[in-house]
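Summary of structural features
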Amino acid sequence: MVAQAPAADGQLDPGPIVAMAGRTVVVPDVYEVAAEKIREFAVAIGETAAVCHDVAAAQAAGHRGVVAPPTFAIVPVFRGLDLLTGGAFSRDDAAIPAAHLIHGEQRLTHRRPLVAGDRVRVAATVLDARHVGTTVVLTIRTDLLDDPVAGTLGAGQHDTAADADTSVVCQARTVVMVTGVREPAAADGDAG
Amino acid sequence: MAAGAPREAQYRLTRQHLVRYAGASGDFNPIHTSDRAAAARGLPGVLAHGMLTMALVGRMLTDTAGGDPAAVTEVTARFSGPVVVPDTDEGVVVSMTATLAGPAGGGADGTAAVTVAATVDEVPVLTRAGGRIRVPADAAADAPADAVSHNDANPPAAGRTP
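Let us look at the structure shown here.

A few words now on the overall build of chain B. Scanning chain B from N- to C-terminus turns up 4 helices and 7 strands. Moving toward the C terminus, one meets the helices and strands of chain B in the order β-α-α-α-β-β-β-β-β-α-β. By residue count, 51% of the 162 residues in chain B fall in the buried class. Long-range contacts, defined as pairs at least 24 residues apart, comprise 69% of the intrachain contacts of chain B with a sequence gap of at least 6. Carbon together with sulfur atoms contributes 52% to the accessible area of chain B, which is approximately 7,000 Å² in total.

Structure below.
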């Protein structure tokens, strides 16, 4: 999480943002994938596939519960981004407010679909943070981990270890631009 | 669906869809709902969530996979151009074309790449968009090669009509 208060000029201090590179956070709360949330999301995107709405249809197709559309995974993925930004999606006083974020790229890779009843742990790692002009470009990998396995990993222990990899339900790669950041100055001390 | 035969669809997005998506996804960035917030950011207008546009890519992949969202193993997009949604009944229409690359049955892992082009008024709004789907070996037999869906019924709906 970035610890900073928005400056009076509305510009963000790049130091703490750039310093996020390499950091991994694990969202404390397990994300519980709920049937009604899947249905709500499916309605919002116009996905009418029966397996997204009807439990019987989903079970007939071999699933435990209704099936989430593939981009539903962004909901728990953004819980990780919320934590990294100090509440961009949940707090009015976020360290990096949503108004400073532009979503640049997204990839979601599924080992299997998310289905109602899943419990996933969200672990997000900042792979790269580059300060260019008034923007910091963050590249983030987020793993959605099956909780029964993830529960054996403490916060900070999650890494690219092979045993963790087998529990990854979905892996996301997110590029997000943090805008309205002070430009690098000669005495900026960017490395901090 | 035979490799190379494109699937086309048009999706109409109105402010109502953005509000609905905001609630469903938890992304309440005001640039997706407020003209004032968008203007304050120097944007040309209220924008659709990138992930809503990407969700439509997901629907294209799902449809290409015979209607099975569980067969979509990857979705990807770069949000290269804004999708401006005016506060009108007409909103904006996003046109998409999905092209399945590779053989029915997929590659060694049983998946095949799908590329998706997305435009508004013929201007691309996504680049490098598409993903991977698991393709049943008999997919060519039961999927129309020239399916065109027009989601522009009234009320206009990217969301289902209640």
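Turning our eyes to something else, we now look at the interface of chain B and chain A. In this complex, chain B contributes 32 residues to the contact, which on the side of chain A involves 38 residues. A buried area of about 2,900 Å², summed over both sides, lies between chain B and chain A, and 59% of it is on carbon and sulfur atoms. On inspection of chain B and its partner chain A, the count reaches 2 salt bridges. Salt-bridge contacts for B:R128 lead to A:E105; the nearest nitrogen and oxygen are separated by 3.7 Å. Connecting chain B to chain A are 13 residue pairs in polar contact (both at pLDDT 80 or more). Only α1 (15-25), α3 (50-64) and β2 (72-79) of chain B provide two or more residues apiece to the side of chain B that touches chain A. Among the residues forming the side of chain B that touches chain A, the class breakdown is 14 nonpolar, 10 polar and 8 charged. As paired strands, strand β3 (residues 101-110) of chain A and β2(B) are joined by 5 bridges and run antiparallel to one another. Bridge assignment links A:R107 to a residue of β2(B), and that residue is B:T76.

With that out of the way, let us pick up the environment of B:A22. Residue and element names in this part refer to chain B. Inspection of the secondary structure puts A22 in helix α1. For A22, a relative accessible area of 3% gives the class buried. In sequence terms A22 and A48 are 26 residues apart; their C-alpha atoms lie 9.7 Å from each other. Ignoring anything within four residues of it in the chain, the contact list for A22 reads D27, F28 and H49.

Turning to the side chain of A:D143, a few remarks are in order. Residues and elements named next belong to chain A. Tracing the sequence through the fold places D143 in strand β5 (residues 135-146). Polar contacts involving the side chain of D143 include one to the side chain of R141, which spans 3.1 Å. Reaching out from D143, the side chain makes a polar contact with the side chain of Q171 at a distance of 2.8 Å.

For an α-helix, 3.6 residues make a turn, and residues three or four places apart therefore share a direction. Among the residues making up α1(B), those that are buried are B:R15, B:H17, B:L18, B:Y21, B:A22, B:A24 and B:S25. Elements that come into contact with the buried residues of α1(B) comprise α2 (35-45) and α4 (74-84) of chain A together with β1 (7-13), α2 (35-40) and α3 of chain B.

With that settled, the discussion passes to the pairing of strand β6 (residues 168-178) of chain A. All names here are of chain A. Summarising burial for β6: 8 of the 11 residues are buried, a large majority. Sheet analysis places β3 next to β6, joined by 9 bridges and oriented antiparallel. For Q106, the partnering residue across the bridge sits in β6 and is T174. Bridge count for β5 against β6 is 10 bridges, and the pairing is antiparallel. For L145, the partnering residue across the bridge sits in β6 and is V168.

As a further point, take unusual backbone geometry. Positive phi, normally seen in glycine, also occurs at B:D121, with a value near 50°. Among the structural elements, B:D121 can be located in the loop between β4 (111-120) and β5 (123-124).

Time to look at the packing of α2(A) against α1(B). Interaxial distance between α2(A) and α1(B) falls to 9 Å at its minimum, and their mutual angle equals 155°. By the angle class used here, α2(A) and α1(B) are roughly antiparallel. The handedness of the crossing between α2(A) and α1(B) is left-handed. Residues A:K37, A:E40, A:F41, A:V43, A:A44 and A:I45 of α2(A) form the contact with α1(B), whose participating residues are B:R20, B:Y21, B:G23, B:A24 and B:S25. Counted by class, the contact of α2(A) with α1(B) contains 6 nonpolar, 2 polar and 3 charged residues.

Another aspect to go through is the packing of aromatic side chains. Residue and element names in this part refer to chain A. If you walk through the whole model with that rule in mind, you get 4 aromatic pairs over all chains. Considering the side-chain rings of F41 and F72, the 5.3 Å spacing of their centres and the 85° angle between planes classify their relative orientation as edge-to-face. On the criterion of sequence distance, the pair formed by F41 in helix α2 and F72 in the loop between α3 (55-60) and α4 is long-range, its members being 31 residues apart. Assessed through its relative accessible area of 0%, F41 is described here as buried.

About the thresholds
Residues numbered from 1 in each chain as written. Chains lettered and ligands numbered in written order. Predicted model: local features only at pLDDT ≥ 70, side-chain atom pairs only at ≥ 80, totals over all residues. Heavy atoms only, no water. Helix = DSSP H or I, 4+ residues; strand = E, 2+ residues; numbered from the N terminus. Buried < 20%, exposed > 50% of the residue type's maximum accessible area, 1.4 Å probe, protein only. Contact = heavy atoms within 4.5 Å. Areas by Shrake-Rupley, 256 points an atom, 1.4 Å probe, with all protein chains shown as cover. Buried area = accessible area lost by both parts, 1.4 Å probe. Salt bridge = Lys/Arg side-chain N within 4 Å of Asp/Glu carboxyl O. Polar contact = N/O pair within 3.5 Å; in protein donor to acceptor, adjacent residues only side chain to side chain. Nonpolar A, V, L, I, M, F, W, Y, C, P; charged D, E, K, R; others polar. Pairing = 2+ DSSP bridges. Axes fitted to C-alpha atoms, helices over the stretch in contact; angles between N-to-C directions. Parallel < 35°, antiparallel > 145°, perpendicular 65-115°, else oblique. Left-handed = near helix turned anticlockwise from the far one by under 90°. Phe/Tyr/Trp six-rings, centres within 6.5 Å; stacked < 30°, edge-to-face > 60°.

Fair warning: the whole summary comes from geometry, so function is off the table for now.
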